[in-house]
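# A structural walkthrough
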Amino acid sequence: MINLSRAASGLLLSVAALAAPAAMAEETTDYRVAVIRVVAPGPMPISRLDLPPDDLGFAGAGLGTADNATTGGFLGQSFSTETVLATPETVEAEMQKLLDAGIPYIVTLADAATTVRLADMAGDQALVINAGSTDDALRGKDCRANLLHVAPSDAMLTDALAQYLVWKRWNSWFLIEGSHKEDQALGAAYRRAAEKFGATIVETRVYEDTGGARRSDSGHVQVQRQMPVFTQSAPAHDILVAADHSGVFAAWLPYHTWDASPVAGSAGLMPESWSPAHEAWGATQFQSRFEKLAGRPARDEDYQVWMALRVIGEAATRTKGGDFDVMRAFILSDKFDLAAFKGQKLTFRDWDGQLRQPVLLVAGNVVASVSPQEEFLHQVSQLDTLGVDRGETECNR
Amino acid sequence: MRRSVTRSVTQPVMRLALACSAALLAGPALADKIFVSNEKGNTVTVLDSASLEVIHTITGMQRPRGITASPDGKHIYVCASDDNLVRVYDSATYEELPSLPSGPDPELFVLHPSGNPLFIANEDDNIVTVVDVVTRQVLAEVPVGVEPEGMGVSPDGKIVVNTSETTNMAHMIDTTSYEIVANVLVDSRPRFAEYTPDGKILFVTAEIGGTVSVIDTATNEITKTIKFDVAGILPEALQPVGLRVTADGAKAYVALGPANRVAVVDVASLEVTNYLLVGQRVWQLAFSPDGKFLYTTNGNSNDISVIDTATDEVTVSVPVGEQPWGVVAVKTE
């Protein structure tokens, strides 16, 4: 009996403890964030397992907001996040509504062209954080001073894979790229990565997207005949690298190649910012919290939106007061760092607004490796062995 | 290679000789026992501190991490993270005793100086669970920040500190009311909290921030932030995790994770005086009961290193189980 009552009183007091810090603060600072996701009509993914969940990215926003709010509870800070689903036709009107409402932090899940348009609309009014597009030009010639990127760039992702392949001494690559603009950009990133790390592309082939349904009943019957033929007569190579941003063909490559070749890139061993299999550096806690909240495993977009929210939360914790200019200056300063389950602090590159981050190399249900590989050194930060370095940038902010 | 073999053979022999002569003077006390939790091996390795031989391996637990002992050294408590409970063992017979409830995914804990209760950080639920080790009842659940991890207790037992890894705070909890009485913002991903023996200073390590915050316990203000610098090691690899202060309060040892080093901090000046090369990904630290040795768990090289605290020399490394995480040493009856 004594123990029971003691337990009960302990619980009551602990509830009071939670409420106390917020009550002690004189006034609450509210941080308003919006997440805008643009969904364009397009073909279905090859595998039904890859169908996008309705709350893609928004679930990551939910977790980021909850994490920020728990911390904010001790500091007299509250966080509210508005999520907006838009189409390419409605996105600008939706953005204008957010700007008119005075929301100063806007996280985007959109393609490169739309992201630039939204950043230009925001101007001095809002800080835009790109959590979706991996496009290199967005960090290069199309960069913007008010635009940060928490999603890794194509250059970072391809460098991450290249480092591992070179470490493995798989230096001869057979590159197959898709026919869409994004696929060609990704292919260019692989060519750049090969040159950077001393690999050779023995041949490049383009897989034309001829349209049609990505999935059909018994579709594998034809695929089993088409893919070996498509990949035959390539020069000797250690690995086939697929650049299929659009998801048209790469998933069909493993086990269907003419030669007995491993596959990497857009299928097989894939460079990713996140994987629900990732457990190192406390990541299990993220996975459990996310899965409890969303009822599904986290995707790259969820993790990236969570990171964007945590960028705001971390800056709020460190600067207090809620002043937009102070927040923005802090985020861009060398005092800012983010802990995001990647084993080291993540910081923004001042030359293009890109968040430095390790990249997971995911093979099916396991994280096979994490780049940068320790053998690749850098004079400033090992993370700058991934992507476009200060001396190479085309960004003029 | 040859040198290390010679060293690892002669060193324990010398220590055994020393321990024996000490034993002759001190009476029946023999060598101490070192208990190491192996996170991946799902075991606790028991070593004889004099011979540094593995004398027993305790099995039957999932993902053991935090490990501590009762003040009398008779009971060993282990956070079995994937079992969602605290397993308890008799340090003499290695017999498993009734487990304690821990809340989900316990990682680290701290025992009140009196030996009861146990304060456990539950990473998944943003709470600290308080458990009576005698009645095995949960006394309270204290809501804290996101991902509670490090646990420390003041020498007078009045305050328990919890660090929350994503909230980046040290939460000071009153051990009688279970109420949070103060929150101190520290650097990114705080992992461990430890008081000086006089209770005046609280050290909090920040793994991602790469620093140790020095907190004045009278004011709960950070008076200094200790930074680390090792030639040839990238700054992002300097990740402070475990920290222990010597019984005389003169020195603090800080495990620097993937930098594979233990930093020695002079507590009076709060300056780093030395960096000791140990095994890979050094995680947690524990002193021998007499304070003459410091043991380090080296997660990626599957061994523990032994540091002579008089000379600050790393004398030997000893293989244990897979991915050693925590360590505690107790006197043998």
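Our structure's up above, just so we're on the same page.
Residues numbered from 1 in each chain as written. Chains lettered and ligands numbered in written order. Predicted model: local features only at pLDDT ≥ 70, side-chain atom pairs only at ≥ 80, totals over all residues. Heavy atoms only, no water.

### A look at the overall build of chain B
Check the secondary structure of chain B and you find one helix and 28 strands. Taken over the C-alpha trace, chain B has a radius of gyration of 19 Å; the compact-globule value for 333 residues is 20 Å, and the two agree within 12%. For chain B, the proportion of its 333 residues judged to be buried stands at 60%. Pairs at least 24 apart in sequence give 41% of the contacts found in chain B among residues at least 6 apart. Within the structure as shown, chain B displays about 12,400 Å² of accessible surface, and the carbon and sulfur contribution to it stands at 52%. Side-chain charges in chain B split into 23 positive and 41 negative, and the spacing between the mean points of these groups amounts to 7 Å. (Helix = DSSP H or I, 4+ residues; strand = E, 2+ residues; numbered from the N terminus. Rg over C-alpha atoms; globule rule 2.2 N^0.38 Å. Buried < 20%, exposed > 50% of the residue type's maximum accessible area, 1.4 Å probe, protein only. Contact = heavy atoms within 4.5 Å. Areas by Shrake-Rupley, 256 points an atom, 1.4 Å probe, with all protein chains shown as cover. Lys, Arg positive; Asp, Glu negative; His and termini not counted. Charge placed at Lys NZ, Arg CZ, Asp CG, Glu CD.)

### Topic: the sheet that holds strand β13 (residues 159–164) of chain B
Residues and elements named next belong to chain B. Pairing within the open sheet is antiparallel, and its four strands lie in the order β12-β13-β14-β15. Pairing within the sheet leaves two strands with one partner each, and these edge strands are β12 (148–153) and β15 (180–185). Between one strand axis and the next, the sheet turns through 20° on average, direction left out of account. When β13 meets strand β14 (residues 169–174), the two strands line up antiparallel, connected through six bridges. By the bridge assignment for β14, V161 is matched with M172. (Pairing = 2+ DSSP bridges. Axes fitted to C-alpha atoms, helices over the stretch in contact; angles between N-to-C directions.)

### Here we look at the pattern of salt bridges
Counting across every chain of the model gives 36 salt bridges over all chains. With a shortest N-O distance of 2.8 Å, R349 of chain A and D384 of chain A are connected by a salt bridge. Taken as a pair, R349 of chain A in the loop between α10 (324–332) and β11 (359–363) and D384 of chain A in the segment after β12 (366–371) lie far apart in primary sequence, 35 residues in all. Taken individually, R349 of chain A and D384 of chain A each receive the classification buried, so the pair is uniform in this respect. One salt bridge in this structure joins R63 of chain B and E39 of chain B, with 2.7 Å as the shortest N-O distance. One end of the pair, R63 of chain B, is in the loop between β3 (54–58) and β4 (64–69); the other, E39 of chain B, is in the loop between β1 (33–38) and β2 (43–48), with 24 residues separating them in the sequence. The exposure classification of R63 of chain B matches that of E39 of chain B, with both residues buried. (Salt bridge = Lys/Arg side-chain N within 4 Å of Asp/Glu carboxyl O.)

### Notes on the nonpolar core
Residues and elements named next belong to chain A. Formed by 42 residues in total, the largest nonpolar core has its most connected members in V107, V150, F286 and M307. Those elements giving two or more residues to this core turn out to be β1 (29–38), α2 (58–75), β3 (105–109), β4 (127–130), α8 (283–294), α9 (300–319) and α10. It is α9 that provides the largest number of residues to this core, a total of ten residues. Discounting residues that sit within four places of it in the chain, V150 has contacts with I129, N130, A131, Q304, M307, A308, V311, F348, L355 and Q357. (Core = buried A, V, L, I, M, F, W, Y, C linked by side-chain atoms within 4.5 Å.)

### As for the interface of chain A and chain B
By a frequent convention, interface size equals the accessible area lost on bringing the separate parts together. Of the residues lining the interface, 38 residues belong to chain A; the matching set on chain B comes to 37 residues. Overall, the association of chain A and chain B removes approximately 3,100 Å² of surface from exposure, summing both partners, and the carbon and sulfur fraction of that is 54%. Inspection of the region where chain A meets chain B yields two salt bridges. When the shortest N-O distance is used, the salt bridge between R289 of chain A and E147 of chain B registers 2.7 Å. On inspection of chain A and its partner chain B, the count reaches 15 residue pairs in polar contact (both at pLDDT 80 or more). (Buried area = accessible area lost by both parts, 1.4 Å probe. Polar contact = N/O pair within 3.5 Å; in protein donor to acceptor, adjacent residues only side chain to side chain.)

### Quick notes on the sheet that holds β2 of chain B
All names here are of chain B. With antiparallel pairing, the four strands of this open sheet are ordered in space as β3-β2-β1-β28. Each end of this open sheet is capped by a strand with a single partner; those strands are β3 and β28 (324–330). Here the average twist between neighbouring strands, direction ignored, is 20°. Direction of pairing for β1 relative to β28: antiparallel, over a ladder of six bridges. Bridge pairing in β28 links S37 to G326.

### Digging into the state of the cysteines
Residues and elements named next belong to chain A. The tally for this structure, following the rule as stated, stands at one disulfide over all chains. Bridging C143 to C395, the disulfide has an S-S length of 2.0 Å. Between C143 and C395, the disulfide has an S-S torsion of 85° and is therefore right-handed. Taken as a pair, C143 in the loop between β4 and β5 (147–149) and C395 in the segment after β12 lie far apart in primary sequence, 252 residues in all. With respect to class, C143 is no different from C395; both count as buried. (Disulfide = S-S within 2.5 Å.)

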